[in-house]
Amino acid sequence: MVGFSMQPYGIQSMLKEGHRHLSGPEEAVLKNIDACNQLSTITRTFLGPNGMNKMVINHLDKLFVTNDAATIMNALEVQHPAAKILVLAAKAQQEKIADGANLTVSFAGELLHNTEELIRMGLHPSEIITGYTKAINKTIEILEALVHKGSETMDVRDKDQVISRMRSSIASKQFGQEDMLCPLIAEACIQVCPKNPAYFKVDNVRVSKLLGGGLHDSKVIRGLVLKMDALGTIKRVEKAKVAFFSAGVDTTATETKGTVIHNVDQLVNYAKTEESKVEELIKAVADSGAKVVVSGAAVGEMALHFCERYKLMVLKVSSKFELRRICRTTGAAAMLKLGQPDTGDLGYVDSISVEEIGGSRVAIVKNEQGGNTMSTIILQGSNDSILDDLERAVDDGVNTYKVIILIFALLSNFFFAMCRDSRVVAGAAATEIEIMSSFRLDQYAVAKFAESFEMMPKTLAENAGLNAIEVIASLYAEHASGNTTVGIDLEEGVCKDVSAINIWDVYVTKLILCLEVCRHAACTVLRVDQTIMAKPAGGPKRDPPAGMDDDQ
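Definitions and limits used
- Residues numbered from 1 in each chain as written.
- Predicted model: local features only at pLDDT ≥ 70, side-chain atom pairs only at ≥ 80, totals over all residues.
- Heavy atoms only, no water.
- pLDDT = per-residue confidence, 0-100.
- Contact = heavy atoms within 4.5 Å.
- Buried < 20%, exposed > 50% of the residue type's maximum accessible area, 1.4 Å probe, protein only.
- Helix = DSSP H or I, 4+ residues; strand = E, 2+ residues; numbered from the N terminus.
- Pairing = 2+ DSSP bridges.
- Patch = residues over 30% accessible without salt bridge, like charges linked within 9 Å, V, L, I, M, F, W, Y side chains within 5 Å.
- Areas by Shrake-Rupley, 256 points an atom, 1.4 Å probe, with all protein chains shown as cover.
- Salt bridge = Lys/Arg side-chain N within 4 Å of Asp/Glu carboxyl O.
- Axes fitted to C-alpha atoms, helices over the stretch in contact; angles between N-to-C directions.
- Parallel < 35°, antiparallel > 145°, perpendicular 65-115°, else oblique.
- Left-handed = near helix turned anticlockwise from the far one by under 90°.
- Nonpolar A, V, L, I, M, F, W, Y, C, P; charged D, E, K, R; others polar.
- Phe/Tyr/Trp six-rings, centres within 6.5 Å; stacked < 30°, edge-to-face > 60°.
- Core = buried A, V, L, I, M, F, W, Y, C linked by side-chain atoms within 4.5 Å.
- 1 Å grid on protein atoms, 1.4 Å probe; cavity = no way out; pocket = protein on both sides within 12 Å on 5 of 7 lines; lining within 4 Å.
- Points joined across faces, edges and corners; volume = space filled by probe spheres on them.

In low-pLDDT segments, the atomic positions of the prediction should not be examined closely. Mean pLDDT over the chain works out to 78, with 82% of the residues at or above the 70 mark. Scored below 50 in pLDDT, residues 407–420 shows 30 contacts in the model against residues more than four places distant or in partner chains. A low-confidence stretch, residues 546–552 (pLDDT under 50), is modelled with two contacts involving residues beyond four sequence positions or located in other chains.

In structure tokens:
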């Protein structure tokens, strides 16, 4: 008998062998929604102040123990194309605001979870997208009415007002320690805030992590803190000029370099020539009025000897980024070669001193009189994981301060540049419950969008070990009575007026921008009706990470 083989037809005949093609609501849409739900389930358990930590080992075997969604999203290698859309949405939120990445993934996942029921009911994705667009516009109108009166304007140099706005952001990372962290961050930000707050730079607030001690030992230094010791015996100078040499402070080539030496006298003369040349260069630096020499490379022993003779303090800074920050702090210009600097190239400092903090020797550069542009928060802790988490909390607080001053936000398809927005709304899930209570549920998609806001109080209560059903029922009862600022007090486990305990969310950061990003991500996933994947490229497989079993 002659064998017959069935020829491929349709899209099978168009693509190479080994491809994958998924289409239809069951294969494409619902599977994409399920992948996004799996990702949001991971992030939801560490949402809020009582969120759990995740232990993540990336492809380089680096260990992360944190509840910061942005760090975890960067460490995870998400392969599913639909789930990657949520990861990109979280990264976009992190780049714009540096906060709210967890809320972005969790809320977008909740939207898609509710969408699944609508699709199974027979609604077309286009109808759902139209309903979500109407719902987001209605949400913005409701939020405008919920803004706390008096928060439209604020003094960015008022420490108490700044603390009240960054408190919820810090508490979501370091619950119970926000009372110690917020004053430190607010003080550091206010110190470097320029006369025109629109020119505030996040990079001007530095973090120095030192092992030993605890958070109660942390403090703010008005200046730059370098984790290094000064070379030589001079450890402190005050009101001094500073010279910077990026190529190092060492012996340079002299005329006798390469000369053939025939006897002892020639060797002695050669050494004296080298010595006199180095002394001449160091003396020229000292004569210019400089008392501090900062080197970007090696410092020779002979050069260090003459620096000691002429009472010059010597610092070696290997990092070019740190060298630039010191130049910015002192107002100096780095010179390439060792020699006599011009007056305009010298910087000025009020003081440079070497101190021991937590068992580590650090150099503290202060320039308060010269208009200091750098401030450093010294964090102390028992291990690197704790210090890394504290640094992430500081980063969120500093970026919240930046958002209060200026924000580049894409809202409702309009671009607002340098729009100062310090408005706040009630936190602790009070705003989310009020939004849901204010919706008129006249359409299926709008109703599901409103139901998605219930994710926030439910997750906060579950992560705190409370009965979510009782908490949500109590919140609905309070808001039905007109108490629009009643939220969840996680410390006492009850519902109370959060405005009395100063729990606020920044209007633009947490809600408006985040909701818009979530809607775009969810609608992008819903618009996909086919998934076509080509055959993966060949090549050697990557070795499994160390410490993992074969079946993992």
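Where burial is concerned, most of strand β12 (residues 375–381) is hidden: seven out of the seven residues are buried. Residue alternation in β12 divides its side chains into two sets, S375, I377, L379 and G381 and T376, I378 and Q380, and both sets are buried. Here three bridges tie strand β5 (residues 219–221) to β12, and the two strands are oriented antiparallel to one another. Note that in β12 the partner of K219 across the bridge is I378.

Together, M55, I57 and L63 give the surface a local cluster of nonpolar side chains, amounting to about 320 Å² of exposed area. Along the chain, the position of M55 falls in strand β2 (residues 54–57). A relative accessible area of 63% means that M55 is categorised as exposed.

Strand order in the open sheet made by the three strands is β4-β12-β5, with mixed pairing throughout. Two strands close off the open sheet at either side, each with one partner strand: β4 (205–211) and β5. In this sheet, neighbouring strand axes are inclined to one another by 25° on average, regardless of whether the strands run parallel or antiparallel. Pairing of β4 with β12 involves seven bridges; the strand directions are parallel. If you follow L210 over to β12, its bridge partner there is Q380.

What follows deals with the packing of helix α6 (residues 125–146) against helix α14 (residues 444–452). When two helices pack together, you describe them by how their axes are tilted relative to each other and by the distance separating the axes. Two elements in contact, α6 and α14, have axes whose closest approach is 8 Å; the angle formed by their N-to-C orientations is 55°. Considering their axes alone, α6 and α14 lie oblique with respect to each other. Pair α6 / α14 crosses with right-handed handedness. Within the contact between the two elements, α6 uses E127, I128, G131, Y132, A135, I136 and T139 and α14 uses A445, V446, K448 and F449. For the contact of α6 with α14, the residue count by class is seven nonpolar, two polar and two charged.

One pass over the structure, following the stated rule, counts 22 salt bridges. Residues R236 and E238 are paired through a salt bridge, measuring 2.9 Å at the closest nitrogen-oxygen approach. The class of R236 is partly exposed, set by a relative accessible area of 47%. Salt-bridge contacts for E492 lead to K496; the nearest nitrogen and oxygen are separated by 3.2 Å. Each of D203, R206, E322, R325 and R328 takes part in salt bridges that share partners, so that together they form one network.

All chains considered together, the criterion is met by five aromatic pairs. Both rings, one in F107 and one in F449, keep their centres 6.1 Å apart while their planes meet at 85°; by these two values the pair is edge-to-face. One end of the pair, F107, is in helix α5 (residues 101–121); the other, F449, is in helix α14, with 342 residues separating them in the sequence. Relative accessible area serves as the criterion here: at 3%, F107 is assigned to the buried category. On the basis of relative accessibility, which here comes to 0%, the residue F449 falls in the buried class.

Across soluble globular proteins, nonpolar side chains have a tendency to be buried as a group. Core analysis: the biggest nonpolar cluster contains 72 residues, and F107, F439, F449 and L526 have the highest contact counts within it. Setting aside its immediate chain neighbours within four residues, F107 contacts F449, S452, F453, M455, L515 and C518. A186, V192, V205 and Y401 belong to the second-largest nonpolar core, a separate cluster that totals 29 residues.

You can see Q38 is positioned in helix α2 (residues 24–44). Residues Q38 and G109, 71 residues apart in the sequence, show an inter-C-alpha distance of 8.3 Å.

Looking now at the packing of α5 against α14. Direction vectors running N to C along α5 and α14 enclose 150°, while the axes themselves pass 9 Å from each other. Of the two elements, α5 crosses α14, and the hand of that crossing is right-handed. Mapping the contact onto sequence places F107, E110, L111, N114, E117, L118 and M121 in α5 and Y444, A445, K448, F449, E451 and S452 in α14. Its residues assigned to classes, the contact of α5 with α14 comprises seven nonpolar, two polar and four charged.

On to the layout of surface pockets. Taken as a whole, the largest pocket holds about 740 Å³ of empty space. Lining the largest pocket are 41 residues, with G48, P49, S168, A171 and S172 positioned closest to its centre. If you list the elements that add at least two residues to the lining of the largest pocket, you get α3 (69–75), α5, α7 (159–171), α15 (455–463), β16 (486–489), β18 (504–506) and α17 (507–526). The residue inventory of the lining of the largest pocket, partitioned by class, reads 20 nonpolar, eight polar and 13 charged.

Our focus in this paragraph is unusual backbone geometry. Positioned with a positive phi, A428 is a non-glycine residue whose angle comes to about 55°. Among the secondary structure elements, A428 is positioned in the loop between β15 (424–426) and α13 (430–438). Judged by relative accessible area, A428 falls into the buried class, the value being 16%. The backbone of N502 sits at a positive phi, close to 55°, despite the residue not being glycine.

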